[in-house]
Amino acid sequence: MRKFDTRIQYLRYKVLCETAKLAWEGQLAEGILDIPKTIIPGPKPTMRCCIYKERAIVGERVKLAMGGDASNDNVIEVLEIACAECPVGGYQVSQNCMGCLAHRCADACKFGAITIDEHQKAHIDKSKCKECGACAKVCPYSAINDFKRPCQQACKVGAISMNEDQAAKIDNDKCISCGACVYQCPFGAINEKSNILEVIRLLKGDADGKKHKIYAAVAPAIASQFIYAKPGQALQGIKALGFDEVVEVALGADITTWEETRELAEKGLMTSSCCPAFVAYIAKSFPDMLPYVSSTLSPMAMIGKHIKESDPLAKVVFIGPCTAKKMEIKRETVAPYVDTAITFEELQALLDSRNIDITTLEPLSVEDASYFGRIFARSGGLSEAVSQGIKEQDLTDVNYTPVVCNGIEECKIALLKLRKNLLDGNFIEGMACQGGCVNGNGCLTHMAKSRMDVENYGRAASTPDIRHAIKQANVKEGEE
């Protein structure tokens, strides 16, 4: 029964699962040192130099499972002991070099880093190379290529470099916590901090003497996850963990759509605020564009606000595909509404730490949201929802031209156009992950059919009408 895309995900899950088991039993302090030996028993073949290094790396993963380095504000961290296995990379001459007579590469290099051997083949002296790429641009055979590490290739905001020991280093001033590097690192040397212990603490009961109702706010991308079971069985599994209520973040998306539509009508030009990585990208790379960002809360924050307005003592746990949500809950505008956030990977570890086999459970039906709230999980869904919001609010005078940005590179292009007043539209839907939330880096799987899974989930909603979904939610709250 396959639950994950990669073995790295599986290893991370095993660490989370073992850590959670001890936490449920109240034995984490006593059993934490045994986790590396449980996961890496010996003697056995190892991909590292020895089994002791393997266990040391697992020990560092346990620290991340427990919350990571508190002095580092970023949710993404590098395990230096697990890094430096990849080639350093940079510009290299491939076997495609034909030993031509022109030697444009050598002429283009202003630093004397390129020499030509007796066979007229080019070679790059790494001690002189400045990685400017001038040689690669002029080579007629495309024989010089920039070989970057997987983490650097995955990071589209240039936040990853190498330290003096050739281990990955994250520039927190550039990092948007999207988690792309976490998913792409073939050695699992870059990981996210986990909030799994905080969730267990909430489910076991607070020590403040107050009775709290624990809500699981589940992102609509769950429709494309837990492919070995039905979405409703996964929701029932969440209830089996001890959550009092399971609610759809898609309802928050409906409320966000309603408010964001009104804001667009007032401003005439703005960007979305739903993707925290996209908003962080604007703040860090395009701070002059911040006035264009919608002031409307994201669906996660909106559903948390909705819950806590009716139950001030409620505790809200977001469950979804996004690592950047763990940074969003720290914002002062969001922190009052969402207590903690975990990914689908962490949810799987929680379920298995309690031996909950969701395939044996009766599916739980949760009908909170509209079709449009549910399709927020895929690229283009937000733009379609705003179009519907304009129609339902009869804002016929709004000239709505959305620009759908699928991935951070497309977001960059749109923001550059906005800065230069060349944007062919008045609403930027920014999604940092390719395909939208269905391909978030906290997902269990990244399947080609994920978009269709979400589309079908949307069509199964009890209403296609945003206004009706919000009205029904308010009626329910009033009844309570």
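Below or above, wherever it landed, is the structure these notes cover. (Residues numbered from 1 in each chain as written. Predicted model: local features only at pLDDT ≥ 70, side-chain atom pairs only at ≥ 80, totals over all residues. Heavy atoms only, no water.)

## Remarks on the overall build of the protein
Of the regular secondary structure elements, the protein holds 20 helices and 15 strands. Across the 480 residues in the protein, those meeting the buried criterion constitute 54%. In the protein, the share of contacts with a sequence separation of at least 24, taken over all contacts with a separation of at least 6, comes to 75%. Here the protein has roughly 21700 Å² of accessible surface; of this, 51% comes from carbon and sulfur atoms. Each charge class in the protein was averaged separately, 57 positive and 61 negative side chains, and the resulting centres sit 5 Å apart. (Helix = DSSP H or I, 4+ residues; strand = E, 2+ residues; numbered from the N terminus. Buried < 20%, exposed > 50% of the residue type's maximum accessible area, 1.4 Å probe, protein only. Contact = heavy atoms within 4.5 Å. Areas by Shrake-Rupley, 256 points an atom, 1.4 Å probe, with all protein chains shown as cover. Lys, Arg positive; Asp, Glu negative; His and termini not counted. Charge placed at Lys NZ, Arg CZ, Asp CG, Glu CD.)

## Some points on the packing of aromatic side chains
Tallied over the entire structure, the rule returns eight aromatic pairs. Their ring planes at 85 degrees and their centres at 6.1 Å tell us that Phe226 and Phe344 sit as a pair that is edge-to-face. Of this pair, Phe226 sits in the loop between strand E9 (214–218) and helix H10 (231–240) while Phe344 sits in helix H15 (residues 344–353); the two residues are 118 residues apart in sequence, bridging distant segments of the chain. An identical accessibility class is assigned to Phe226 and Phe344; each is buried. For the ring pair Tyr371 and Phe372, a centre distance of 5.0 Å and an interplane angle of 80 degrees mean the geometry is edge-to-face. According to the relative accessible area criterion, Tyr371 is buried, its value standing at 14%. A relative accessible area of 12% means that Phe372 is categorised as buried. Linked through ring pairs, Phe4, Tyr10 and Tyr13 together constitute an aromatic cluster. Stacked on the ring of Phe318, the Lys or Arg Lys325 has its end atom at 5.8 Å from the ring centre. Directly above the ring of Tyr457 sits Arg374, whose terminal nitrogen or CZ lies 4.0 Å from the centroid. (Phe/Tyr/Trp six-rings, centres within 6.5 Å; stacked < 30°, edge-to-face > 60°. Lys NZ or Arg CZ within 6 Å of the ring centre and 35° of its normal.)

## Some thoughts on the nonpolar core
Judged by nonpolar contacts, the single largest core of 51 residues is most densely connected at Phe226, Ile238, Leu241, Phe243 and Ile319. Within the residue set of this core, elements represented by two or more residues are helix H1 (7–25), helix H3 (35–39), helix H4 (51–65), helix H9 (196–204), E9, H10, strand E12 (315–320) and H15. Ranked by residue count, the leading element in this core is H1, at eight residues. Those residues in contact with Phe226 that sit more than four places away from it in its chain are Ala234, Phe344, Leu347, Gln348, Leu351, Ile358 and Leu444. By size, the runner-up hydrophobic cluster in this structure holds 44 residues, among which are Cys181, Ile190, Phe286 and Ala432. (Core = buried A, V, L, I, M, F, W, Y, C linked by side-chain atoms within 4.5 Å.)

## Notes on the sheet that holds E12
Strand order across the open sheet formed by four strands is E10-E9-E12-E13, with parallel pairing between neighbours. The sheet terminates laterally at strand E10 (245–248) and strand E13 (340–343), the two strands that pair on one side only. Direction aside, neighbouring strands of the sheet carry axes that sit 25 degrees apart on average. Across four bridges, the pairing between E9 and E10 is parallel. Bridging from a neighbouring strand, Tyr215 pairs with Glu245 of E10. Of the strands in this sheet, E12 and E13 touch H15, which is tilted by about 85 degrees from E13. (Pairing = 2+ DSSP bridges. Axes fitted to C-alpha atoms, helices over the stretch in contact; angles between N-to-C directions.)

## A word on the pattern of salt bridges
This structure, assessed with the given rule, holds 22 salt bridges. Note that Lys315 is salt-bridged to Asp339, the shortest N-O span being 3.8 Å. Within this pair, whereas Lys315 is found in strand E12, its partner Asp339 is found in the loop between helix H14 (325–328) and E13, the two being separated by 24 residues in sequence. Note on Lys315: relative accessible area 18%, which makes it buried. Take Asp339: its relative accessible area is 25%, and that puts it in the partly exposed class. (Salt bridge = Lys/Arg side-chain N within 4 Å of Asp/Glu carboxyl O.)

## Some remarks on the sheet that holds strand E14 (residues 402–406)
Pairing in this open sheet of three strands is parallel, and the strands run E11-E15-E14 from one edge to the other. On the outer flanks of this sheet lie strand E11 (270–271) and E14, each paired with one strand and no other. Of the pairings in the sheet, the one linking E11 to strand E15 (residues 427–431) comprises two bridges and is parallel in character. Looking across to E15, one finds that Met270 is bridged to Phe427.

## Notes on the state of the cysteines
Counting across every chain of the model gives zero disulfides. With no disulfide partner, Cys83 has as its closest neighbouring cysteine sulfur the one in Cys151, 6.2 Å distant. Unpaired in this structure, Cys275 has its nearest cysteine sulfur neighbour in Cys322, at a distance of 6.1 Å. (Disulfide = S-S within 2.5 Å.)

## Here's the deal with the packing of H1 against H9
At a minimum axis separation of 10 Å, H1 and H9 run at an interaxial angle of 30 degrees. The pairing of H1 with H9 is recorded here as roughly parallel in orientation. At the point where H1 passes H9, the crossing takes the right-handed sense. The segment H1 lies against H9, with Leu16, Thr19, Ala20, Ala23 and Trp24 engaging Ile196, Leu197, Ile200, Leu203 and Lys204. Of the residues belonging to the contact of H1 with H9, the class tally is eight nonpolar, one polar and one charged. (Parallel < 35°, antiparallel > 145°, perpendicular 65-115°, else oblique. Left-handed = near helix turned anticlockwise from the far one by under 90°. Nonpolar A, V, L, I, M, F, W, Y, C, P; charged D, E, K, R; others polar.)

## Quick look at helix H18 (residues 408–419)
Compared with an ideal rise of 1.5 Å per residue, which puts twelve residues at 16 Å, H18 spans 16 Å between its outermost C-alpha atoms and is within 8% of the ideal. Restricting attention to buried positions, one finds in H18 the residues Ile408, Cys411, Ala414, Leu415 and Leu418. Buried residues of H18, seen end-on, are gathered within an arc of 115 degrees and therefore sit on one face of the element. Turning to H18, the residues buried within the fold contact E11, helix H12 (276–285), E14 and E15. Of the residues one or two after H18, Asn421 is the one with positive phi, at around 60 degrees. (Expected span 1.5 Å × (residues − 1). Arc of directions from axis to C-beta.)

## Regarding H15
Residues that lie three or four places apart on an α-helix share one face, since the helix turns once every 3.6 residues. In terms of burial, H15 is a largely internal element, ten of the ten residues being buried. Taken as a whole, H15 has its buried residues at Phe344, Glu345, Glu346, Leu347, Gln348, Ala349, Leu350, Leu351, Asp352 and Ser353. After H15 finishes, the residue Asn355 shows a positive phi value of roughly 55 degrees.

## A short note on the pairing of E13
Burial along E13 is two-sided: Thr340 and Ile342 and Ala341 and Thr343, pointing in opposite directions, are all buried. Where E12 lies against E13, four bridges are found, and the strand directions are parallel. Across the sheet, Phe318 pairs through a bridge with Ala341, a residue of E13.

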